[in-house]
Amino acid sequence: MAVDTTKWLSALRTKELQDKIKSAKVLCVGAGGIGCELLKTLVCTGFRNIEVVDLDTIEISNLNRQFLFRKHHVGQSKAITAAQVVKGFCPTASITAHHANMKESHFDVDFFRGFDLVLNGLDNLEARRHVNRLCLAAERPLVESGTAGYLGQVTVHLKGSTECFECHPKPTPKSFPICTLRNTPDRPIHTIVWAKDLLFNRLFGRPDAVSDLDDQARREDGQNSSASANDGDAAASAAAAAASDVPAEDPSFFLRRDGESSLEYAARVFERVYTWDIEQLCGVKELWEKRPPPKPMRLEELLPDTERAAVGAALETAIAKGQGSASRALGLNNASQKWTASQNAAVLLLAIAMYHDMRKEEVGSASFDKDDDLAVDFVTSASNLRSSCYGIPEQSLFDAKGMAGNIIHAIATTNAIISGLIVIEALKILAGCQDAVRNTFLNEFPPNKRLLLVQNPEPPSKGCMVCGKATLTLKINSETATLSSLLSGVIKKRLAVNTPNLLCGGFLYEEGEGLEEDEVEAYTAMLPRTLASLPGGGLRHGSILTVQDQSQHFGVDIIIVHTEDLNEEDAPEGFVLEGDVPAAPKEVQHQHEQPQAAAAAAAMETMTTKTRASAEVKEEDGVLILDEDEEQVEVHDSPAPLAAAEAHSRKRALREDEEYEESTKREAKRTKLHATVAIVEAVDDDDVILIEDD
């Protein structure tokens, strides 16, 4: 049936809508690339009551596209500055700015209920999910958005009418097994993550800092121990033996010694990391049965005495002039040109020395920052040297910075187009024309010369863990995984729960305000315990764990499936989270299962396995790819709703025969749209696109 677009267009000319625009209260979440354009477009459209929330401050790299900011604003709050600038050219606008985290407790359901519209321009998945849940709880319309280069999207989410932001699982950023990073890298991203998260932290970070990689290393050590104890699994035993043969790293070695110059220290680190460690790894024959071993590098071959002296001279010049970049101090000014092995060695030595001689107060507490030139120099050179050892292609400074910082390069024009589309959907909602709202995708290579691809929003998914009544399944080794790793890896990271309350039989765990001191101590004492050893019989195979977050008005049930043989490539985080209930593996039943285990197992036998929620992110920093369409795509008045690229991967719940038959007929009439989409969750300052991976 043709879509009538005249209703909401004619409503634009009515005084009633104009009055609604002036009086409507709008919440803008994010004041970055999209947020700046959105604030400008809102006030130019007539909106006068706006609140904006953003935690970030303005950086130099923002100025080329976030047009509300100038150089003298660098270091100031994005939200406050954007509000001041907009009020400067529209004094009648009332704009309240919050320099704050959207997840703070005072931004609760009652806060959201005070708005007529919520418009999102956020740059990370966790915050988007949090806003989505609060909009559902407050029953407020949400208009989502994102951009990546020339690509963009706007989606509308209305409770009970359209799917919510989380109706279809969003893949999380790709993680890698710690043993691959330490011993057997085979891709540039492996060496960059190793340099950024392992070597950088070892040399310059806090000695007691614990990262996700440290948790993963302990988990893998436990799995290796279990594998070694299992005589029946020869392959696992061999792998565990090989891993245990790798020499343990002595953290004290990486401390600078008394009387040792900064360059002497840097040379000692080089020889340890790229010579001695590589030689030791080559001696573990089991690791190299199916791949060539790495080749050690020797500093004296890369940097003879004359070139070492040049590095020393560059250090003196950098100190005298206060230079902040090791590569530029060595005359390497082309960020797009790859360095030679000798140049990488020189940059590494100089970067380490500059940290100790020019920024020594940071040594022991530093953290990687993509906007820190010296940190990027270090990561680029360290990762390239390791790549050379393993025969992996080296990266330029520009490419390495993008990979280490998960940077999605943004374009101001894209942000402007997307902000206009956001306001269009907001006007439709205010006009009461919810049936006219559309999800719109901006294409880099327009099919049939059409820049925009438009689709009808999907109805709510009955299997959604947020707006539906879905049950998740967690495959995890309950004998080795701890409550701490469950909370950090699954509950808070994957489910984006802010203040979790966990309940299962006689087990209770709570976080948040209002807890007594003895309660906090008791819950804290549970964190290092394994899931199977928790109070109330533990979380074992078949246990049903209820997860709630009162601040988000969110709850979900998770069925625990004890699994001992998780493949580290498929489950680098140590677990697999799935969107429905798979068949229970009978061979892992425990004699001390909780009472609900039998019922859970029976349910598992009768229900089908759904698409895994942990779909892998493509290694590229994330782009939306829309292939050319052979069919004509109408922007308005389309004869049939456009099929989204993800439509064929969605499995609908069973319906009544008549409803299902009618749904099938509608699907058959849809225009075929060939498109491939990838999900992006950037940690860059800019707005990103979030679309389900097929």
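The model shown is predicted, which means the values in this text are computed figures rather than measured ones. (Residues numbered from 1 in each chain as written. Predicted model: local features only at pLDDT ≥ 70, side-chain atom pairs only at ≥ 80, totals over all residues. Heavy atoms only, no water.)

Enquirer: So what about the overall build of the protein? Which residues, and what values?
Expert: On a plain count of helices and strands, the protein comes out with 22 helices and 16 strands. A total of 694 residues make up the protein; the buried ones form 51% of that total. Residue pairs at least 24 apart in sequence account for 71% of intrachain contacts in the protein once pairs closer than 6 positions are excluded. Roughly 31,100 Å² of accessible area belongs to the protein as shown, and the carbon and sulfur atoms make up 50% of that amount. (Helix = DSSP H or I, 4+ residues; strand = E, 2+ residues; numbered from the N terminus. Buried < 20%, exposed > 50% of the residue type's maximum accessible area, 1.4 Å probe, protein only. Contact = heavy atoms within 4.5 Å. Areas by Shrake-Rupley, 256 points an atom, 1.4 Å probe, with all protein chains shown as cover.)

Enquirer: Quick one: what's the story with the environment of L17, residue by residue and with numbers?
Expert: Along the chain, the position of L17 falls in helix α2 (residues 15–23). Taking relative accessible area as the criterion, L17 reaches 2% and is therefore assigned buried. Distance from L17 to G432, taken between C-alpha atoms, is 9.4 Å for residues 415 residues apart in sequence.

Enquirer: An account of the confidence of the model for the protein is needed here, citing residue identities and associated values.
Expert: Averaged over the protein, the pLDDT score is 79; the fraction of residues at 70 or greater is 75%. Segment residues 210–217 is flagged for pLDDT under 50; beyond a separation of four residues in sequence, or across chains, it makes 14 contacts in the model. Here residues 580–694 is a poorly scored stretch, pLDDT under 50, and it has 261 contacts once near neighbours within four places are set aside; other chains count. (pLDDT = per-residue confidence, 0-100.)

Enquirer: Give a description of the side chain of N132 that names residues and reports values.
Expert: Among the structural elements, N132 can be located in helix α6 (residues 125–138). Overall, N132 belongs to the buried group, its relative accessible area being 2%. Residue contacts for N132: discarding those within four places in its chain leaves L142, C164, F165, E166 and V466.

Enquirer: An account of the sheet that holds strand β8 (residues 452–455) is needed here, citing residue identities and associated values.
Expert: Ordered by their spatial adjacency, eight strands build an open sheet running β3-β2-β1-β4-β5-β6-β7-β8, and the pairing between neighbours is mixed. The strands lining the two open edges of the sheet, one partner per strand, are β3 (94–98) and β8. Within this sheet the neighbouring strands show an average axis-to-axis angle of 15 degrees, counted without direction. Across two bridges, strand β4 (residues 117–120) lies against strand β5 (residues 142–148) in parallel orientation. Bridge pairing in β5 links V118 to L142. Contacts between helix α4 (residues 78–89) and the sheet are confined to β2 (49–53) and β3, with β3 contributing the most and set at about 165 degrees to the helix. (Pairing = 2+ DSSP bridges. Axes fitted to C-alpha atoms, helices over the stretch in contact; angles between N-to-C directions.)

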